[in-house]
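Coordinate inspection notes
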Amino acid sequence: MQQQNKASRAWARWAVAAMLAMSLPAAAQSGAAAASPPAAGQSPRVDAIRKAGELRVGVLQNAPWLIQDLSGKSGEAWSGPAWLLAKEYARQLGVKLTAVPVSHETKVPVLAANQVDMTISPLAETAERLKVVDFVLYSATSVCMFGRAGNDKLTRAKTVEDLNQPDVTIAYFTGGAEEAWVKERFPKARLRAVANSGATAPIEEIMAKRADAAPINRVPWVGLNRKVRGLVVFPAEANCQQSTEKASPVGLAIDKNQPGYLAWLRQVAATMKPALDADEMRIIEQTP
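Residues numbered from 1 in each chain as written. Predicted model: local features only at pLDDT ≥ 70, side-chain atom pairs only at ≥ 80, totals over all residues. Heavy atoms only, no water.

From N to C terminus, the protein chain includes 13 helices and 12 strands. With 288 residues in all, the protein chain has 47% of them scored as buried. Taking contacts inside the protein chain between residues at least 6 apart in sequence as the whole, the part at least 24 apart equals 72%. Total accessible area on the protein chain stands at roughly 13800 Å², and carbon and sulfur atoms take up 54% of it. (Helix = DSSP H or I, 4+ residues; strand = E, 2+ residues; numbered from the N terminus. Buried < 20%, exposed > 50% of the residue type's maximum accessible area, 1.4 Å probe, protein only. Contact = heavy atoms within 4.5 Å. Areas by Shrake-Rupley, 256 points an atom, 1.4 Å probe, with all protein chains shown as cover.)

Next up on the list: the layout of surface pockets. Quantified by volume, the second largest pocket comes out at close to 540 Å³. Looking at the second largest pocket, it is lined by 31 residues, and the ones nearest its centre are Ala 63, Thr 141, Asn 217, Val 219 and Pro 220. Of all the secondary-structure elements, those providing two or more residues to the lining of the second largest pocket are strand S5 (118-124), helix H11 (218-227) and strand S12 (248-255). Ranked by residues supplied to the lining of the second largest pocket, first place goes to H11 with six residues. A breakdown of the residues in the lining of the second largest pocket according to their chemical character gives 18 nonpolar, eight polar and five charged. (1 Å grid on protein atoms, 1.4 Å probe; cavity = no way out; pocket = protein on both sides within 12 Å on 5 of 7 lines; lining within 4 Å. Points joined across faces, edges and corners; volume = space filled by probe spheres on them. Nonpolar A, V, L, I, M, F, W, Y, C, P; charged D, E, K, R; others polar.)

On to the environment of Val 143, then. Within the secondary structure, Val 143 is located in strand S7 (residues 143-148). Considered as a pair, Val 143 and Ala 247 are 104 residues apart in the sequence and their alpha carbons are 7.1 Å apart. With residues near it in sequence (within four places) discarded, Val 143 still touches Glu 178, Trp 181, Pro 215, Ile 216, Asn 217, Arg 218, Cys 240, Ser 243, Glu 245 and Lys 246.

Two elements in contact, H11 and helix H13 (residues 273-286), have axes separated by 8 Å at closest approach and are oriented at 40°. Considering the angle they form, H11 stands oblique to H13. Every pair of crossing elements has a handedness; the one defined by H11 and H13 is right-handed. Contact residues: H11 offers Arg 218, Val 219, Val 222 and Arg 226, while H13 offers Glu 280, Ile 284, Glu 285 and Gln 286. Of the residues assigned to the contact of H11 with H13, the class counts are three nonpolar, one polar and four charged. (Axes fitted to C-alpha atoms, helices over the stretch in contact; angles between N-to-C directions. Parallel < 35°, antiparallel > 145°, perpendicular 65-115°, else oblique. Left-handed = near helix turned anticlockwise from the far one by under 90°.)

Here the focus is the side chain of Arg 56. Secondary-structure assignment places Arg 56 in strand S1 (residues 54-59). Of the polar contacts made by the side chain of Arg 56, one reaches the backbone oxygen of Asn 114; its length is 3.0 Å. Leaving out residues up to four positions away in the same chain, Arg 56 has contacts with Arg 45, Thr 98, Val 100, Asn 114, Gln 115, Val 116, Asp 117 and Met 118. (Polar contact = N/O pair within 3.5 Å; in protein donor to acceptor, adjacent residues only side chain to side chain.)

This part is about H13. For H13, with 14 residues, the first-to-last C-alpha span of 20 Å sits near the 20 Å given by 1.5 Å per residue. Across the 14 residues that make up H13, a large majority, 10, are buried. Taken together, the buried positions of H13 are Lys 273, Pro 274, Ala 275, Leu 276, Asp 277, Ala 278, Asp 279, Glu 280, Ile 283 and Ile 284. (Expected span 1.5 Å × (residues − 1).)

Right, let's get into the pattern of salt bridges. For the coordinates displayed, the defined rule picks out 17 salt bridges. The partner of Asp 134 in a salt bridge is Lys 256, with the nearest N and O atoms 3.0 Å apart. With Asp 134 in strand S6 (residues 133-141) and Lys 256 in the loop between S12 and helix H12 (259-271), this residue pair connects regions lying 122 residues apart in the sequence. With a relative accessible area of 13%, Asp 134 lands in the buried category. The salt bridge partner of Glu 285 is Arg 226, with a shortest N-O separation of 3.8 Å. Of this pair, Glu 285 sits in helix H13 while Arg 226 sits in helix H11, placing them 59 residues apart in sequence. For Arg 226, a relative accessible area of 38% corresponds to the partly exposed category. Residues joined by salt bridges that share partners form a network here, namely Arg 45, Arg 56 and Asp 117. (Salt bridge = Lys/Arg side-chain N within 4 Å of Asp/Glu carboxyl O.)

Here it is, written out as structure tokens:
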């Protein structure tokens, strides 16, 4: 419970911003201009970007924050909150925005190598990454717990904590991202480890009634709930999109020791937060 409360406090402001996302996007975009970039001589990085006439950003698709369109129909190759934010940075600097493809292996090293000015391929903030990069956070990833709506054990449950009961069976993928968290979060429950079937969550275990509940990332939960009728989710508020379970902040990254550059980037991101949240939710709702 202490860990859960700590996460809840840490993400309170993120949850509030998400609630405002759909009502304030226009105001956020118009207000972003108030975050003025560093003047000449205040940031070597900003000076170099202006001199080059381009803002180089490392890109690698990671839905719902950064989406690549390979069809050529949308007019822009990239979209999503990360791209929206990068476009605003380039606009304020008066330079063009240049996408530099990166891989999972290179998206962090390219920063120290000065091959990009920032990596906008969404990154989860971790202690290891904080040793070599600074983050501009604008979202978070977290976990939901779902099961069948007609399950009596879930009917009596009101919170995620209520699933931590000896008569509740929780399924999870062996070797999956949630395995360690499930074991720590539900020590009283019966745990059922299953092989990953390629699905986003062990839905087969739920529908076959071999398990009462299972974890799923908050993002694919929205699509699963559309495809499969008769499911229930915890926490239920905002369709679990404000869950603080296994929460991890998400954002873009820059190389260390650039205080003026970092302060400005964070100021713009904070001003645009409602617009970024709205764009993220748009993509989540449109994802099959």
